[in-house]
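A closer look at the structure
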Amino acid sequence: MPADPLAGLNDRQREAVEAIDGPLLIVAGPGSGKTRVITHRIAYLIGRAGVSPYRIAALTFTNKAAREMQSRLFGTSQDDSAAPLLGWRLRSSGLAVGTFHSFCARLLRTDGEVMGLDRNFAIYDAADQTAAIKRAMAEAGVDFKAFSPGAVLSIISKAKSELVGVEGFGLRKENYLDEIAHRVYEQYEQMLAQSSALDFDDLLFKTHTLLNKFPRVAEKYQDRYVHFMIDEFQDTNVAQYAIARSIAKRHNNLVVVGDPDQSIYSWRNARVGNILSFQQDFPTAKVITLDESYRSTSTILDAATKVISPNSQRIERSLWTNNGVGSPIVVREEYNEEDEAQYVVREVYRLSRAEGFALGDIAVMYRVNAQSRALEEACRRFGVAYQIVGGIKFYQRREIKDVAAYLRLVSNPHDDVALDRVINVPTRGIGQRTVDNLTRAARDRGSSMYAAIESLSEPGGGPFSLRPAQAQALTRFRELIGRLNEESRTLDLVELIDAVLEQTGYRRHIEESAETKERGEERLDNVQEFRGSAREFTHLGIEEALTAFLEGVSLVSDVDSFEDQPDALTLITLHQSKGLEFPVVFMVGMEEGLLPHSRSMDTPEEIEEERRLCYVGVTRAQKRLYLLRAFRRGFWGGSGPSDPSRFLEDIPRKLIEGATPSEAPEKPAAQTVAPPARPARRRPATNGGGEARPAVERARRRVRGRREAEPAAPAAAYATGDKVRHPAFGDGIVMSCTPSAGDFQLTVAFKEGHGVKRLLLSFAPLEKLG
DNA sequence: AATTAGGCATTTTTT
DNA sequence: ATGCCTAATT
C-alpha cells in the first residue's frame, strides 16, 4: 500500500509538495530533504491530484539520482526498509524518471526520424568524442600537436551546449583558436552525421532542434507533460533549460529544484545563471526555500555558511538545524602529504575503534585524483579497507570499449569511430597507411569508411587504389562485420557477443596480447562481466537489444557502483561527493593552489566556484569534520611549501577544536611585509584576507619566496588565448605561458603561415592586443 | 608489427 | 614521478 505523500514532511516541504499549479523554484540547501520533496510531490500528484503518471517527467543528472528516486517511489526488490510511495505496478506506467540525457535519447529515437535521424543512432561518449575529434582534426588539416584535441573539443562542446551550431559558431568566432575550432567543428559534425552518431551534447542539441523545428513533435510532448521537474537545476546548461522551457510551455508547470551554492560544474558548461534567472524567466513562479538541514550539526552548518557567504552570485538565505552543536571541527596542519595521509588513516582507525564509527561512515575528500595516492598507501600500510570512487571505470576499459565497438559496428557499420577502433584489433594487416587511405577515400565519396570498403568490389575497383594485400584485408574485415550482422538476426545478444569474440579473434587476442597472464585473465573476466550484463536484454529482438544495451553502455557510468561495497573507507573527489553524505568527513589538501586550485584562481568567478566546491565538501559531513593541510606538498616529483587555503580563514575560531590564537586565523593585520609581485600567480581581488596569517606563517612565507625562485621577470600579463602582435610574425594567439628559469616561455600560434613559435617573454618584442 | 625510448603535460568529469 | 603518445628502432 502506498504511503501518505504528506506524511513526515515539514511545513516548507509540504508546501512544495502541494504547490502543483504553475512554475515553482525550490531552493534546497544541503540535507534539506530535496529528493524527498520531489518524490513525495510525484506521489501526491498521482495519488491525491489524480494526475496520470504518464503526464509526469522528473529529470535528474545522474543515473544514481534517478535510481534513488525510483527506489523511493516504487521500492526495490531487495530493500524494503522504507515503504515505497507508489506501488510496484506503477513502474511501467509511463512516468518518466531518468537523466536528462536518457530522456532525450528516448525522445530522439521515438521521433527523431522526421529530422532524418537514424533510429539506431550510436551515442558517442567522451572517449569516442575525443577519437572523433582527432579524426576530424586530421581531416581538417589541423596539427594536434599545436592544438590539443581536448581544448578543441571543449570549445565545440561548449558551443553545442549553448545551442550554437556550426553556422552560428562561424559567425561568432573571435580568435584564431575559434577559427581552428570552427573548421574542426564542421568536419566533426559531418563525421557524426556520416556515422549516424550523436555525442552527449547532441542528445540535448538535437532534441532542442527537433522541438523547435517540428511543431507537431513539440506539441506531442507539450501536451503529454503536464508536470515537468528538474533536479539539480543549478547544473543545467543552456540547452537543457531551453528544452525544459519548450516542453513545459503549454502547461507551465515547470518545477526546478536546486541549490546555486552547490553549482560546481560550470567548467562542464553548467550555468548557475539558470537558477538565478529562473524568477525573471517565470515572473509568476513561486519560490520555496528549504533551509532546515537534517544532515549536519550546527557547528558544521555554521562553518559551511561562513565559507559560502563571501560569494556574490547567490541567493541569500540561512540554513538552520535542530541537530545540536556536536563536535568542533578539527583543523590541522601536517608537514607533508604523507604525514597528512598518515594522520587521516590513524584517526580513521581511532574513530572506528574507539568511537563506534564504521569505516563506511567515513569519507576522505580531495580536490584532485592524484591526492588519492598517498591516502591509498597509508591505508595499505595501516591495513584499513578503502574504496576509491570512480577510480577505475569499467566501461572505459580498453577491452570493454573494443567489444562494444564491435557490437556498434554490427548494429551500425557506418560508425567510423567504432570501425577505426577495431579494424586492426587484433591485427589484420591493416596499418595506419591503409586506414589513412580508407579515410580519404571515404571523404572523397562522402560516405562512411565501411561503405568505402564496399565500393572496392564495385566494378572499377572503387575510388582508391591499394595494394592487393591491403584491399583483400579490408574486404575480409568487411565480410567479417557483414557476416556477424547477418548472423545476428538469428541470435540473442549474449550469443552475438560470443560470436563477436570468436569470429573476430578478439578472445584469443586478449589472452595472447596481455602483458602478463593475470592481466589477460583480468581482461577476459571483464569481458565476461560485460557479457553477463547483456543477459537482461536477451528477451528483446536483437536490434532492439543492441540499441538498448549500447545506449546503456554509453549513458550509464558506474561512478556510483561503490555504494553497496562492504565496510570500507571512502576516498572520493569533492566533485564526486556531491549528493552524498557521511557521518565523518576528512577534507585534505586545504591549501592555496589545491583548494582553490591554481588553475581556477584567475577570475572571481572561478574562485567562487572553488568556494562552492569547498562548501559542498563541508556540507557532506553529518557529525564530524576534519580539515587537513600539508605544509609541504609534492608536485610533479618536486615539492614546494604551501599556504593554507583562504577558505580556512572564513571558519570562525569558535567552531574549531582547541583553537588558539596562533593556530586560528586572525583578522588581517597591517601588511608589514609587502608580498613580492607574483607574476605567475595573480592573486585575485577576492582574496580579501591578504596576509592574514600569524607571524610564524609570514616568516615561513618569506623564506619560501626565495625558494620558489620567482624572479623579477616582466609581469606575466599573458594568458592562454590572448591576442598578441609580433613585429616579424604578425598577429597571433598565446597558446601557453609557463614560467621558465627566471622568465616566461610563451607558445604563440601566429597567423599567416608563421606557425607556432616558442618565445621567451623577456626577449620577444610582443605587444598585447585588444 | 611489435618493442622501446624520448617528449610532454599534469583539475574537476553527472551524461 | 608517472602515464600517455609519438617516433624511431628492430
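Residues numbered from 1 in each chain as written. Chains lettered and ligands numbered in written order. Predicted model: local features only at pLDDT ≥ 70, side-chain atom pairs only at ≥ 80, totals over all residues. Heavy atoms only, no water.

**Points about the overall build of chain A**
Helix and strand content of chain A: 27 helices and 20 strands. Taken over 770 residues, chain A has a buried fraction of 53%. Considering only residue pairs separated by 6 or more positions, chain A has 73% of its internal contacts joining residues 24 or more positions apart. A total accessible area of about 34200 Å² is found for chain A, and carbon and sulfur atoms account for 49% of it. (Helix = DSSP H or I, 4+ residues; strand = E, 2+ residues; numbered from the N terminus. Buried < 20%, exposed > 50% of the residue type's maximum accessible area, 1.4 Å probe, protein only. Contact = heavy atoms within 4.5 Å. Areas by Shrake-Rupley, 256 points an atom, 1.4 Å probe, with all protein chains shown as cover.)

**A closer look at the environment of L204**
In this fold, L204 is placed in helix α9 (residues 200–213). Look at L204 and you get buried, because its relative accessible area is 1%. Sequence separation of L204 and R433 is 229 residues, and the distance between their C-alpha atoms is 36 Å. Not counting the four nearest positions on each side in its chain, L204 is found in contact with F100, H101, C104, N237, A239, Q240 and I243.

**Focus: the confidence of the model for chain A**
For chain A, per-residue confidence averages 82 on the pLDDT scale, and 80% of positions sit at 70 or higher. Segment residues 660–715 is flagged for pLDDT under 50; beyond a separation of four residues in sequence, or across chains, it makes 80 contacts in the model. (pLDDT = per-residue confidence, 0-100.)

**A look at the packing of aromatic side chains**
In the structure shown here, the tally under the stated rule is 16 aromatic pairs. A ring pair is formed by Y406 and Y506, whose centres lie 6.3 Å apart and whose planes are at 65°; its orientation type is edge-to-face. In this pair, Y406 is assigned in helix α16 (residues 398–411) and Y506 in helix α22 (residues 506–513), connecting sequence segments 100 residues apart. In this structure Y406 comes out as buried when scored by relative accessible area, which is 1%. Centre to centre, the rings of F586 and Y626 are 4.2 Å apart; their planes meet at 15°, and the pair counts as stacked. (Phe/Tyr/Trp six-rings, centres within 6.5 Å; stacked < 30°, edge-to-face > 60°.)

**Some thoughts on helix α11 (residues 238–247)**
Of all 10 residues in α11, 9 are buried, a share of seventy percent or more. Burial in α11 covers these residues: V238, A239, Q240, Y241, A242, I243, A244, S246 and I247. The backbone nitrogen of A239 has a side-chain oxygen 3.1 Å away, supplied by the residue at the start of α11, namely N237. (Polar contact = N/O pair within 3.5 Å; in protein donor to acceptor, adjacent residues only side chain to side chain.)

**Side note on the packing of helix α4 (residues 100–111) against helix α10 (residues 215–224)**
Put simply, α4 and α10 touch, their axes get as near as 12 Å, and they point 130° apart. Here α4 lies oblique to α10, going by the angle between them. α4 and α10 meet at a crossing whose hand is right-handed. Along the contact surface, α4 presents L107, T110 and D111, while α10 presents V217, K220 and Y221. (Axes fitted to C-alpha atoms, helices over the stretch in contact; angles between N-to-C directions. Parallel < 35°, antiparallel > 145°, perpendicular 65-115°, else oblique. Left-handed = near helix turned anticlockwise from the far one by under 90°.)

**Quick word on the pattern of salt bridges**
Following the criterion strictly, the structure yields 50 salt bridges and no others. In this structure, K160 engages D202 in a salt bridge whose closest nitrogen and oxygen atoms are separated by 2.9 Å. With K160 in helix α6 (residues 149–161) and D202 in helix α9, this residue pair connects regions lying 42 residues apart in the sequence. There is no split in this pair, since K160 and D202 are both buried. (Salt bridge = Lys/Arg side-chain N within 4 Å of Asp/Glu carboxyl O.)

**Remarks on the pairing of strand β13 (residues 582–587)**
Consecutive residues of a regular strand have side chains that alternate between opposite faces of the sheet. Across the 6 residues of β13, 6 count as buried, placing the element largely inside the fold. Summarising the sheet, strand β10 (residues 362–366) and β13 pair through 4 bridges and their orientation is parallel. Its bridge partner being in β13, M365 is matched across the sheet by M587. Relative to strand β14 (residues 621–635), β13 is paired through 5 bridges, and the arrangement is parallel. From the neighbouring strand, V585 faces β14, where its bridge partner is L625. (Pairing = 2+ DSSP bridges.)

**Some words on the environment of E340**
Checked against the element boundaries, E340 lands in helix α14 (residues 337–354). As a C-alpha pair, E340 and I329 span 11 residues in sequence and 16 Å in three-dimensional space. Other than its neighbours up to four places away in sequence, E340 contacts E334, V588, G589, E591, L628, R629, A630 and R633.

**Quick word on the packing of α9 against α11**
Direction vectors running N to C along α9 and α11 enclose 30°, while the axes themselves pass 9 Å from each other. Comparing the axis directions of α9 and α11 gives the class roughly parallel. Like other packed secondary-structure pairs, α9 and α11 cross with a definite hand, here left-handed. Seen from α9, the contacting residues are L204, T207, H208 and L211; seen from α11, they are A239, Q240, A242, I243, S246 and I247. In the contact of α9 with α11, the residues fall into 6 nonpolar, 4 polar and no charged. (Nonpolar A, V, L, I, M, F, W, Y, C, P; charged D, E, K, R; others polar.)

**Digging into the sheet that holds strand β7 (residues 254–258)**
Two modes of strand pairing occur in sheets, parallel and antiparallel, and in both the strands are linked by backbone hydrogen bonds. Read across the sheet, 6 strands follow the order β3-β2-β6-β7-β1-β8 without closing on themselves; strand pairing throughout is parallel. Each end of this open sheet is capped by a strand with a single partner; those strands are β3 (96–99) and β8 (286–290). Each neighbouring strand pair of the sheet contributes to a mean axis angle of 15°, computed without reference to strand direction. Here strand β2 (residues 56–60) runs beside strand β6 (residues 227–230); their pairing, made up of 4 bridges, is parallel. Considered in β6, the bridge of L59 is made with I230.

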